Amino acid sequence: MKKSSFQLMESQTILSQLRFCNKILGEMPSLGMTVFCFLLLIVTTSTHALMEVNFDPFVYLSPDGENGTKENVPTELHKQKRQVATFGLSPMEYKIDIEISYTDPSLLEAIKDYFKNLSFPVIVNTLDAAMNISSLNVTTVCSLTSNNETHCSCESGYRWPAAACSANSICPSTIPTQEEICDCITQVPSQGPYCQLQSEDQTNFSVSPEDIFQGDTVKMKCVIQLDTGNVTWYHSGHVILNRGRHSISTIIIEKTTTSILKITNVTQDDTGPYTCVFIDSSVSSTLEFKATRNVTVAPINIMQSGDTKVICDGTKVSLRCCIDGNIQYFNTTWRPNTGTASLTPNCTKYTLQASHSQCPNPSDKEITYTCELSTGNGAIRSKTINVTYLQIAKPEIFPSTKTQVSEGHNFTLICTSDVSNCDNVTWKIQSQMIDSRLYSCKVESPSKARSILTVNSATQAWNGTYTCTSFQKSLSSSSSTTVEIVPLPLKQNIVLDPIQGFIQCNVPQVLKCCINGAENYDVIFTVQQTECKSVKNTQGNLVCYTCNYTERCSSKSNVVAYCTFVNRIQDKVISSLMNLSIILGNKVTCSGSIGVGQQGAQITKPCPASQGVNGMSTTVRGTVIYVCNNTNWEVARNSCISDQINTLLDRAESLVYDPQAEEQLPTYLEILHNTTLKEQREINTSPANLVAVITILDLVSNIPTDAKPRTMENFLSTVNTIVNNSTILAWKDLNNQQTGDSSRLLDSVEKFSRSLRPTNNPIPSITNTNVQLQGIVITENSTWDYNKSFTFSNSANLSGNVLITRNNIKNLTEKLTIITVAFSTLRYILPNPNETVKDVNGLVMMTTTNSMGPQVLEISLTFAKSNSSLKEPQCVFWNFSHSAAVGGWDDTGCHPKDEGDNVICTCNHLTSFSILMSFDRGSSPSGAKLQSLDYITYIGLSISIVSLMICILIESLVWKYVTKNRTSYMRHICILNIAVSLLLADSWFIVTAFIQDKKELVNGNVCIAATFFIHLFYLSLFFWMLALGLMIFYRLVFILHDTSKTIQKAIAFSLGYGCPLIISVITIAVTQPHNTYMRENACWLNWEKSKALLAFIIPALIIVAVNSIIAVVILVKILRPAIGEKPSKQERSSLIQAIKNVATLTPLFGLTWGFGVATLSNGSPIVFHILFTLLNAFQGLFILVFGTLRDKKVVEALLNKYSLGRWSTQQTKSTSLGDSVPAFSMSCPFSEALNNLSGKAGKYTISSTEATTSFSERTSNTYSVFH
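Bear in mind that the values here come from a model prediction, so they are computed numbers and not experimental data. (Residues numbered from 1 in each chain as written. Predicted model: local features only at pLDDT ≥ 70, side-chain atom pairs only at ≥ 80, totals over all residues. Heavy atoms only, no water.)

With that out of the way, let us pick up the overall build of the protein chain. Along its length, the protein chain carries 25 helices and 67 strands. The buried share of the protein chain, taken over its 1267 residues, is 48%. Taking the intrachain contacts of the protein chain between residues at least 6 apart in sequence as the baseline, contacts between residues at least 24 apart amount to 69%. Here the protein chain displays about 59600 Å² of accessible surface, and carbon together with sulfur accounts for 53% of that area. (Helix = DSSP H or I, 4+ residues; strand = E, 2+ residues; numbered from the N terminus. Buried < 20%, exposed > 50% of the residue type's maximum accessible area, 1.4 Å probe, protein only. Contact = heavy atoms within 4.5 Å. Areas by Shrake-Rupley, 256 points an atom, 1.4 Å probe, with all protein chains shown as cover.)

A few words on the confidence of the model for the protein chain. For the protein chain, per-residue confidence averages 76 on the pLDDT scale, and 74% of positions sit at 70 or higher. Contacts for the low-pLDDT stretch residues 1204-1267, under 50 throughout, to residues beyond four places or in other chains number 106 contacts. (pLDDT = per-residue confidence, 0-100.)

Moving on to unusual backbone geometry. With an omega of 0°, the peptide bond running from Ser208 to Pro209 counts as cis. Among the secondary structure elements, Pro209 is positioned in the loop between strand S9 (203-208) and strand S10 (212-213). A positive phi angle, close to 50°, is found at Glu254, a residue other than glycine. Relative to the helices and strands, Glu254 is located in the loop between strand S14 (246-253) and strand S15 (256-263). You will see that Asn506, though not glycine, has its phi angle at about 60°, which is positive. Tracing the backbone shows Asn506 in the loop between strand S37 (500-504) and strand S38 (508-516).

The next thing to look at is the packing of helix H10 (residues 728-736) against helix H11 (residues 741-755). Where H10 meets H11, the closest approach of the two axes is 9 Å, and the angle between their N-to-C directions is 110°. Considered as vectors, H10 and H11 are oriented roughly perpendicular to each other. Across the interface between the two elements, Trp731, Leu734 and Asn735 of H10 pack against Asp741, Ser742 and Leu745 of H11. Class assignment for the residues of the contact of H10 with H11 results in three nonpolar, two polar and one charged. (Axes fitted to C-alpha atoms, helices over the stretch in contact; angles between N-to-C directions. Parallel < 35°, antiparallel > 145°, perpendicular 65-115°, else oblique. Nonpolar A, V, L, I, M, F, W, Y, C, P; charged D, E, K, R; others polar.)

We now examine helix H18 (residues 1045-1071). With 27 residues, H18 extends 39 Å from end C-alpha to end C-alpha; this agrees with the ideal 39 Å at 1.5 Å per step. Residue Leu1055 marks the point of greatest curvature in H18, where the axis turns by about 30°. All buried positions along H18 are accounted for by Gln1048, Ala1052, Leu1055, Gly1056, Pro1060, Ser1064, Thr1067 and Thr1071. (Expected span 1.5 Å × (residues − 1). Bend = angle between axes of the 7 residues up to and from the residue.)

The next thing to look at is the pairing of strand S23 (residues 340-343). Pairing geometry for S23 and strand S24 (residues 347-353), over four bridges, is antiparallel. Across the sheet, residue Leu343 finds its bridge partner in S24, namely Thr348. In this antiparallel pair of consecutive strands, S23 and S24, the connection spans three residues. (Pairing = 2+ DSSP bridges.)

Before going further, it helps to examine the pairing of strand S30 (residues 425-429). When you tally the buried positions in S30, you get four out of five residues, the bulk of the element. In terms of strand pairing, S30 meets strand S31 (residues 432-433) through two bridges, oriented antiparallel. Opposite Lys428, over in S31, you have Met433 as the bridge partner.

Here we take up the sheet that holds strand S63 (residues 894-899). Read across the sheet, five strands follow the order S55-S56-S60-S64-S63 without closing on themselves; strand pairing throughout is antiparallel. Bordering the open sheet on either side are strand S55 (786-792) and S63, each of which pairs with just one other strand. Between one strand axis and the next, the sheet turns by 15° as a mean value, whatever way the strands run. Note that S63 and strand S64 (residues 902-907) share six bridges and pair antiparallel. Bridge assignment links His895 to a residue of S64, and that residue is Thr906.

One finds Phe715, Val719, Ile722, Leu745, Phe823 and Leu826 to be the most contacted residues of the largest nonpolar core, which totals 70 residues. With nine residues, the top contributor of residues to this core is helix H8 (residues 687-700). Counting 55 residues, the second-largest nonpolar core is a separate cluster that includes Leu983, Cys1007, Leu1021 and Leu1026. (Core = buried A, V, L, I, M, F, W, Y, C linked by side-chain atoms within 4.5 Å.)

Moving on, we get to the pattern of salt bridges. Counted by the stated rule, this structure contains 22 salt bridges. With its nearest N and O atoms 3.9 Å apart, the salt bridge here joins Arg437 to Asp435. Several salt bridges converge on common partners, so that one network encompasses Asp435, Arg437, Glu662, Asp706 and Arg757. (Salt bridge = Lys/Arg side-chain N within 4 Å of Asp/Glu carboxyl O.)

Summed over all chains, the structure comprises 15 disulfides. One disulfide in the model links Cys154 with Cys195; its S-S distance is 1.8 Å. Where Cys154 bonds to Cys195 through sulfur, the torsion about that S-S bond is close to -80°, and the disulfide is left-handed. With Cys154 in strand S5 (residues 150-154) and Cys195 in the loop between strand S7 (184-185) and strand S8 (196-197), this residue pair connects regions lying 41 residues apart in the sequence. Take Cys195: its relative accessible area is 2%, and that puts it in the buried class. What pairs with Cys875 in a disulfide is Cys905, and their sulfur atoms sit 1.9 Å apart. The sign of the S-S torsion, about -85°, decides the handedness of the disulfide formed by Cys875 and Cys905: left-handed. Taken together, the residues Cys875 in strand S61 (residues 871-879) and Cys905 in strand S64 connect sequence positions 30 residues apart. Each member of the pair, Cys875 as well as Cys905, carries the same accessibility label: buried. (Disulfide = S-S within 2.5 Å.)

Turning our eyes to something else, we now look at the packing of aromatic side chains. Following the criterion strictly, the structure yields 22 aromatic pairs and no others. Centroid distance Phe1013 to Phe1017: 6.1 Å. Interplanar angle 15°. Geometry classified as stacked. With Phe1013 and Phe1017 both in helix H17 (residues 1005-1037) and four residues apart, the pair spans about one turn of that helix. Ring centres of Phe1053 and Tyr1057 lie 6.1 Å apart, and the angle between their planes is 35°; this geometry places the pair in the tilted category. Remark: Tyr1057 and Phe1053 occur in helix H18; sequence separation between them is four residues, near one turn of the helix. One aromatic cluster in this structure is built from Trp988, Phe1012, Phe1013 and Phe1017. (Phe/Tyr/Trp six-rings, centres within 6.5 Å; stacked < 30°, edge-to-face > 60°.)

In this fold, Thr727 is placed in the loop between helix H9 (709-722) and H10. Owing to a relative accessible area of 0%, Thr727 belongs among the buried residues under this scheme. If we skip the residues at most four places from it in the chain, Thr727 touches Gln680, Ile683, Asn684, Thr721 and Ile722.

Turning our attention to a nonpolar patch on the surface. A cluster of nonpolar side chains, namely Leu729, Val991 and Val1006, defines an oily patch on the protein surface of about 200 Å² accessible area. Of note, Val991 is situated in helix H16 (residues 966-997). Judged by relative accessible area, Val991 falls into the partly exposed class, the value being 32%. (Patch = residues over 30% accessible without salt bridge, like charges linked within 9 Å, V, L, I, M, F, W, Y side chains within 5 Å.)

Turning next to the sheet that holds strand S19 (residues 303-304). With antiparallel pairing, four strands are arranged side by side in an open sheet as S19-S21-S24-S23. Among the strands making up the open sheet, the edge pair consists of S19 and S23. Pairing geometry for S19 and strand S21 (residues 316-322), over two bridges, is antiparallel. Opposite Met303, over in S21, you have Cys322 as the bridge partner.

As a further point, take the side chain of His151. Here His151 shows up in strand S5. When neighbours within four sequence positions are excluded, His151 is seen to be in contact with Val141, Cys142, Ser143, Thr145, Cys171, Pro172, Cys184, Ile185 and Thr186.

Between two packed helices, both the angle of their axes relative to each other and the distance between the axes serve to describe the pair. Where H17 meets H18, the closest approach of the two axes is 8 Å, and the angle between their N-to-C directions is 145°. Classified by chirality, the crossing of H18 by H17 is right-handed. (Left-handed = near helix turned anticlockwise from the far one by under 90°.)

The end-to-end C-alpha separation of helix H5 (residues 643-655) is 18 Å, in line with the 18 Å expected for 13 residues at 1.5 Å each. Among all positions of H5, only Ile645, Asn646, Leu648, Leu649, Ala652, Glu653 and Leu655 are buried. Structurally, H5 contributes buried residues whose contacts are with helix H6 (661-678), helix H7 (680-685) and H8.

Its place among the elements puts Ala661 in helix H6. According to the relative accessible area criterion, Ala661 is buried, its value standing at 0%. Each C-alpha atom of the pair Ala661 and Asp435 lies 7.1 Å from the other, and the pair is 226 residues apart in sequence.

Attention shifts here to the environment of Gln602. Here Gln602 shows up in strand S46 (residues 602-606). For Gln602, a relative accessible area of 47% translates into the label partly exposed. Separated by 102 residues in sequence, Gln602 and Gln500 place their C-alpha atoms 8.3 Å apart. If near-sequence neighbours (up to four positions away) are discounted, Gln602 is found in contact with Phe502, Ile625, Tyr626 and Val627.

Shown next as structure tokens:
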């Protein structure tokens, strides 16, 4: 069943009662009857209202009542009185709600369609009055849901009033508005009212202005045809109060209510929906009328053009202020008003024409222009643009005329400008930019600036036209001048001949000064304050000036001479001095082109000229010292540098003063790196070449450069080349001369590190064999520690660490660099303190910053100890001012902390650091004990060498007497080579002991060679012992097999020298590239880092074990001989002697090196050192005694050779004994047993392929293994 409420409007009513509607509708329900009853009901209601009778006009029509009965359900008539009038006056207006229930759902749509087609007003005439129906609408429809729930919903344009929504339950699908009105409730209100017409339809809402911006004043006005002063304003559901920026005013004129909301200085927070609500309480129920408008407050975002500079040359410049929207909504104003304003859709443009009249005075005046936008409703926004007016510069260079400057001299050019603009001044020479570090600029007044270009040493690269350019925005103004560089040789490039020598009285002496180049000079020689005219001689590119001088020897003093070069602008340069000592003619021993001199005298001459690839002769730097020996001049010292390095040095000297030095430096460093690699051998053997490369590095380190990987790699690779282990001897030579070149090298690396300019990328890490670099760039957000670690794998993981905490770093300025360079070999190069016995025992680590001022930083450095046996660590830094500026270690400001294998140093400054440590007297023999071991070594080795020489001499004397059979021959071959190998090994051992006693560095080429040959010949000693043992094993075990002497010798020599050579070469090839071949403080195989010593210990111990096994096999063979075996007497004698050699020397050598292994551990007992030294030192004596002198045949041969009578007696005695007396009775534990066993052992048969012998003889001779 459905119920519908209808609303009718009548304009006139008369009294009329019709009560049969229910019956009619019950019996004949139709649309026409329903409409008829509506009309009748309206007439009845109007009549009762007219007669002021309390009649309930609302008839609840129920067409579907049971049996068609009529059911009257009275309700309160809901009406809104539009106009009050008394009887007899103007007609009355009513709004009437009618409710009807029906079961046919289609009836509702039919009624709606019917009402839609009606033409209003509908006139209803009765007997007493006439009635006009102005409108008829369906407002409310109630129906049952599938859950038997009643849902009363409003038709389009109607809503339940707030009272109904709050008093009843809202349908589940209905969402109430913020004012709590709804369009569906779950029951019919018992007292009404029904759905009401929406108030927006009756309220006029307007907003002014339509486009609202921040800062505007906004007015919102609501007008309704209603007489009520009850108005409430809402913003986004919140009540607006009449205070602050909000003001509300309401007025009523002729039943029209107007309410105005005014908001001043609106912001974006004021954006949102605004609602005005009118409440009418004049009727029985409260009615609300509302209207809502959404208000948007737009921001005013002005985007102005940037600050600019204007040149006062009439150029037009536009300033702009733009917004996101249409700028037509705004009033635009520019101040000051000196230009022309125009508009575009979203911008205002202001055009300035910077003529001289508009430009302020003085120049560089900055004016602020303001663009202002206003809406006319209170919103105002503005932006400022700074305009700097620049006058056209008029630079001038002084001197303005052509200038002549001699090469090597300094000069200055001054560029002045009538505007104070130093930021954009550049210098060029021949259209090439000059490095900015070479000129400066100073603002002298608001209208004057001065830029000064200073050239400290003019080269031919500075010859040409100079241009000074002052930039004013995009406009440049220039001035030029010309400078001619006139050639003049530099003092260091004048080659003197002789530099130091001798001169005879009254004998002409040729003095010579040579230079490179073809320029003509006036050259004057000055000898003993007397001028001598010169003669020019040209040889290709080499020009020499000579003077023939004759000394009269009037004063008998030394002769001093020099030459003066004068160029065409009368500038001059004076050469170094030539020193000549007077020598009498009768004392001249040596003469010739070198000069004259007496025995032992020295002459210093220049290096011979070099022939270039084009055949041109050029001077070479350096000197050659000749010494007079007998009647010949011999070269005592050659300090000439190679042609390649000489060329590099010349280029470096000109590069450092070159106008484009910074631009050309990366290319030069690439060439330097490649050349030093090619010239490595020359650098290793020539201190002069080494000094030249150091000088080059020192020169180029003064040139700033960008921190690019390739540039840094080339510089540090060059440093890596000259600090390689192969250059240690050259460095030692330089340090002995106290030249300070090692300190100069360290200083050049520091300067290079400080001159690195960080680019967009961080400081790249550089890793080389001997040098490593790491660093950082301090940024604005640097909140971390500077923590860099270094490890050199080629130095057995020699390592170090540098730490600067973040608290120290945060005090540094932005863009500052911190760079650390670590050196693994510089500890051998920088000289140790002369007054102490301390050695550098770790890396040398240099840390610098590019700060111009002093930096107080606390730095912590961790050094891994290179030699853990040293103690008493001392943290030191390299002080360049020590030792007359040569440099030395200093411990000021540093504190050590010993932590086992590491030493931690804390210092309060930055430079190059390392640790000094002294010899640990508690872990190694020292003092008197060390001295006693030295005495044992020298005495023992001397005896050993003498013994070996005697052994070799004896073998050579008796060789043909004792090598008559193959076994004897091979035994003496082995003994002789054992003696030779040990003699060579001991000789090299003496060389290394001499080096260490003289405090020489132990990692030079001599020490490497000594280590190699000691290793080789000691191994040869053992391998020849192995050859001797294998020969015995072969002769006794493989009796029926025989080989020739040639094959046996080939095998023996391959084993004795070939195997040791292979092992030695492999050892040095594997370990030397990583600098772990030798020990740090001795010329012997390394143990702590690479275990290279195992390449000797393992083969030696294996040979000892193999020879021991051979001895056991031989012993068993002797005890159990094969039946029928019968060696000859000579063969048997040779075998027995060889067995004694192996059985005696093998355990002796094995025991010697067993003690040697025991001395490798730290803290080993002193007794092991003493035993090893004794046994090792007297090995030559052992070989002489056990290998030669105790050989009866050798003794007999000596006696036979030098005493025939005695030899005859001895021979008779020996023969008479026959078989009854053992020939080899020894005081050995095994001699008696061997004698007895061999005497009863049956026969040995020793077969030989030689055609002369075939033996079968019974023997009673005994064999002795240990003699």
